[in-house]
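Breakdown of the fold
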Amino acid sequence: MLAADFANLERDINMVNQSQADWFHIDIMDGVFVPNISFGMPVLKAMAQHAKKPLDVHLMIVDPDRYIQTFADLGSAILTVHAEACTHIHRTVQAIKAAGMKAGVALNPHTPISVLEEVISDLDLVCVMSVNPGFGGQQFIENTYDKVRRLRALSNAKNAEVMIEIDGGVTSKNAAALVQAGADVLVAGSFVFASENPSETISDLHAIANT
Ligand code: ZN
């Protein structure tokens with residue numbers, strides 16, 4: 001939703017409601033963990049009110065434990081925190097689940113998948129950042145394919161049932177290869193909202209990802 005038109009938010013939310021998209025992906029940025037600030041609770045509450053699909057909330061903030069209950073109260077289905085922003089990932093993940101949400105951990109492009117070795121079985125989702133977080137509309141990092149393949153292998157080796165989500169620079173050109181590498185969830189922002197027919201672009205991505 002970071003790429004939506006905030007002056008026409010209800011229109012864009014309804015477009016997603018009526019599209020083939022499965023979830024709303026919502027990027028929360030604090031201006032500390034990442035240089036940018038996205039939007040705060042009043043905007044988020046408005047989104048939650050109109051969204052008719054699960055909210056997939058991606059926290060790009062320091063010390064995310066402070067906000068777990070806030071996002072649970074908002075009705076988030078999935079709450080993803082950054083490995084680089086958590087001192088005690090295991091505890092944070094348990095707290096997210098105890099609050100009734102699915103738990104995700106996101107990895108920046110430079111962060112090795114090995115940081116998840118001991119917790120991957122506790123996770124519902126791993127978000128692989130395929131750009132450096134902080135801004136929409138960036139170029140996709142090619143190393144992502146290999147990272148996803150290794151992450152899928154780690155998940156299998158640990159008998160984990162984790163969804164792998166790709167966030168950043170997803171287009172109709174790389175979607176099929178990402179799914180083939182082991183991705184389950186593709187996040188698309190600018191590619192959708194900057195296209196001529198966003199709903200059709202979502203349908204196209206959906207079709208590519210499900211073949
Ligand atoms: Zn995101």
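Let me begin by describing the structure that accompanies this report.

Reading the values: rules and limits
Residues numbered from 1 in each chain as written. Predicted model: local features only at pLDDT ≥ 70, side-chain atom pairs only at ≥ 80, totals over all residues. Heavy atoms only, no water. Helix = DSSP H or I, 4+ residues; strand = E, 2+ residues; numbered from the N terminus. Rg over C-alpha atoms; globule rule 2.2 N^0.38 Å. Buried < 20%, exposed > 50% of the residue type's maximum accessible area, 1.4 Å probe, protein only. Contact = heavy atoms within 4.5 Å. Areas by Shrake-Rupley, 256 points an atom, 1.4 Å probe, with all protein chains shown as cover. Donors = N, O, S within 2.8 Å, 3.2 Å for Na, K, Ca; no water. Tetrahedral: all angles 85-135°; square planar, octahedral: opposite > 155°, others 65-115°. Core = buried A, V, L, I, M, F, W, Y, C linked by side-chain atoms within 4.5 Å. Pairing = 2+ DSSP bridges. Right-handed = clockwise from strand over helix to strand, strands pointing away.

Points about the overall build of the protein
Helix and strand counts for the protein come out as 8 helices and 7 strands. Computed over its C-alpha atoms, the radius of gyration of the protein comes to 16 Å, within 12% of the 17 Å expected for a compact globule of 211 residues. By its C-alpha atoms, the protein is 45 × 35 × 30 Å across when sized along the principal axes. Residues counted as buried form 49% of the 211 residues belonging to the protein. Long-range pairs, those at least 24 residues apart, make up 61% of the contacts in the protein with a sequence separation of at least 6. Accessible surface, the protein: about 9,800 Å² in total, of which carbon and sulfur atoms supply 49%.

A few points about the environment of serine 121
Examined against the element boundaries, serine 121 turns out to sit in the loop between strand S4 (102-107) and strand S5 (125-129). Other than its neighbours up to four places away in sequence, serine 121 contacts Lys158 and Ala160.

Quick notes on the coordination of the zinc ion
The coordination sphere of the zinc ion contains the protein donors His25 (NE2), Asp27 (OD), His58 (ND1) and Asp167 (OD), at a distance range of 1.9 to 2.2 Å. Coordination at the zinc ion comes from 4 donor atoms whose angles at the metal span 89 to 158°, giving a geometry best classed as irregular. Each donor residue of the zinc ion belongs to the same chain, and together they define the spacing H-x1-D-x30-H-x108-D. In this pair, aspartate 27 is assigned in strand S1 (residues 24-29) and histidine 58 in strand S2 (residues 55-60), connecting sequence segments 31 residues apart. Given a relative accessible area of 0%, histidine 58 falls into the buried group.

Side note on the nonpolar core
Formed by 58 residues in total, the largest nonpolar core has its most connected members in Met1, Ile26, Ile28 and Ile166. Apart from residues no more than four positions distant in its own chain, isoleucine 26 is found in contact with Met1, Phe39, Leu44, Met47, Leu55, Asp56, Val57 and His58. In this structure, Ile78, Leu125, Cys127 and Met129 belong to the second largest nonpolar core, which totals 6 residues.

Describing the pairing of strand S3 (residues 78-82)
Of all 5 residues in S3, 5 are buried, a share of seventy percent or more. Inspection of the sheet shows S2 paired to S3 by 3 bridges, in the parallel sense. Bridge pairing in S3 places aspartate 56 opposite isoleucine 78. Since S2 and S3 lie parallel, the crossover through helix H3 (residues 68-74) that links them has a hand, and here it is right-handed. With helix H4 (residues 89-98) bridging S3 and the parallel S4, this β-α-β connection has right-handed handedness.

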